[in-house]
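# Structural overview
What follows is the residue order along each chain.
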Amino acid sequence: MKAMLLDRPGQPLRLADVPRPEPATGQVRIRVAACGVCRTDLHVAGGDLKHPKRPIIPGHEIVGRVERLGPGVTRFKQGERVGIPWLGHTCGVCPYCRRGDENLCDDPGFTGYQIDGGYAEYAVADAAYCFPIPGGLGDVEAAPLLCAGLIGYRALRMAEPAQTLGIYGFGAAAHIVAQVAVHKGIATYAFTRPGDIAAQDFARALGCVWAGGSDERPPGPLEAAIIFAPVGALVPLALAAVGKGGRVILGGIHMSDVPAMPYDLLWGERVVRSVANLTRQDAIDFLDLAPRIPVVTHTTAMPLSKANEALDRLRRGDLTGALVLVPDPAL
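Heads up: these notes are all about the structure in this document. (Residues numbered from 1 in each chain as written. Predicted model: local features only at pLDDT ≥ 70, side-chain atom pairs only at ≥ 80, totals over all residues. Heavy atoms only, no water.)

### Some points on the packing of helix H1 (residues 39-46) against helix H9 (residues 307-316)
- The N-to-C vectors of H1 and H9 enclose an angle of 105°; their axes lie 10 Å apart at closest approach. One way to sum up the angle between H1 and H9 is to call them roughly perpendicular. Here Arg39, Asp41 and Leu42 of H1 come into contact with H9, specifically with Leu311, Leu314 and Arg315.
- When its residues are assigned to classes, the contact of H1 with H9 shows 3 nonpolar, no polar and 3 charged. (Axes fitted to C-alpha atoms, helices over the stretch in contact; angles between N-to-C directions. Helix = DSSP H or I, 4+ residues; strand = E, 2+ residues; numbered from the N terminus. Parallel < 35°, antiparallel > 145°, perpendicular 65-115°, else oblique. Contact = heavy atoms within 4.5 Å. Nonpolar A, V, L, I, M, F, W, Y, C, P; charged D, E, K, R; others polar.)

### With respect to the side chain of Gln179
- Mapped onto the elements of the fold, Gln179 is located in helix H5 (residues 172-183).
- Note on Gln179: relative accessible area 10%, which makes it buried.
- Look past the residues within four positions of Gln179 in its chain and what remains in contact with it is Leu206, Ile293, Pro294, Val295 and Val296. (Buried < 20%, exposed > 50% of the residue type's maximum accessible area, 1.4 Å probe, protein only.)

### Points about the sheet that holds strand E11 (residues 187-192)
- Read from one edge to the other, the open sheet built from 6 strands follows the order E12-E11-E10-E13-E14-E15, with strand pairing classed as parallel. Two strands bound the open sheet, and with one partner strand each, they are strand E12 (210-213) and strand E15 (271-274). This sheet shows a mean twist of 20° between the axes of neighbouring strands, independent of strand direction.
- Relative to strand E13 (residues 222-227), strand E10 (residues 164-168) runs parallel, the two being bridged by 4 bridges. What sits directly across from Tyr168, in E13, is Ile227.
- Of the strands in this sheet, E10, E13, strand E14 (242-250) and E15 are in contact with helix H4 (residues 148-159), which crosses E14 at around 160°.
- With respect to the sheet, H5 is in contact with E10 and E11, its orientation differing from that of E10 by roughly 175°. (Pairing = 2+ DSSP bridges.)

In structure tokens, the structure reads:
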């Protein structure tokens, strides 16, 4: 099969012919129909996340159809459409797994990081960590739900029961979680790169009550804020925007250093909390909720062979919504 390989961090991905993977016991092989391009892929490719499998096929927002069942798989049937998310394996025995916090597992496996992902024509995954994709969504439209949507949903649950919410960094995750927040009746404020009028207009079109630059203050204090941009300097800005008792949720797996800041910004029982990965229950809950809102993802499809170009566009912020890789007929 054709796949885009990362041989070592800091190098461009390499288009290669690799053996089609065979599903082991409990696994399924998926013929990939779409794979979202996530900021975490940038962190893997750039070496911000240490100890990836080498070489690794990135990609963890995978939608495809079951093409082959490994021994013992009864959960899915051949031809069924499923999604493969970031969380690909947990140990099941560490203290975190035993108490139901599998997102904090001591010995996890993550798709596109330790487990080959979806920047390929086929992918193998543990069937217990795959999920049926609801009808009514195309393959491309569904792909961003599997990370941008899931992480956004988990972050929003941490922010609740806030009724005024700020979102810093209006990319793939933000444009999904904003729709969920508006559906819940939460007054949502979007903070973009200063001067990014297109992103601000996009946010207002999705129902945000206010949109401005990250260097601006909202019209009044917020009850909570979610930061999706991997920029540590936004933490004190978000703390300054939330009132006493407010929460600032950090929605990224990697962030630049948080600068020194006066204790006054944190005082007043304000809370800063990170989001770590996701659980399978997050996926079950969100994939049930999304079509009932309904969440509409705004996507740009690019062929698999253009994965490096897609990553460059994401790095530059040269897009609205989410980028998704699709099979390349030229390969």
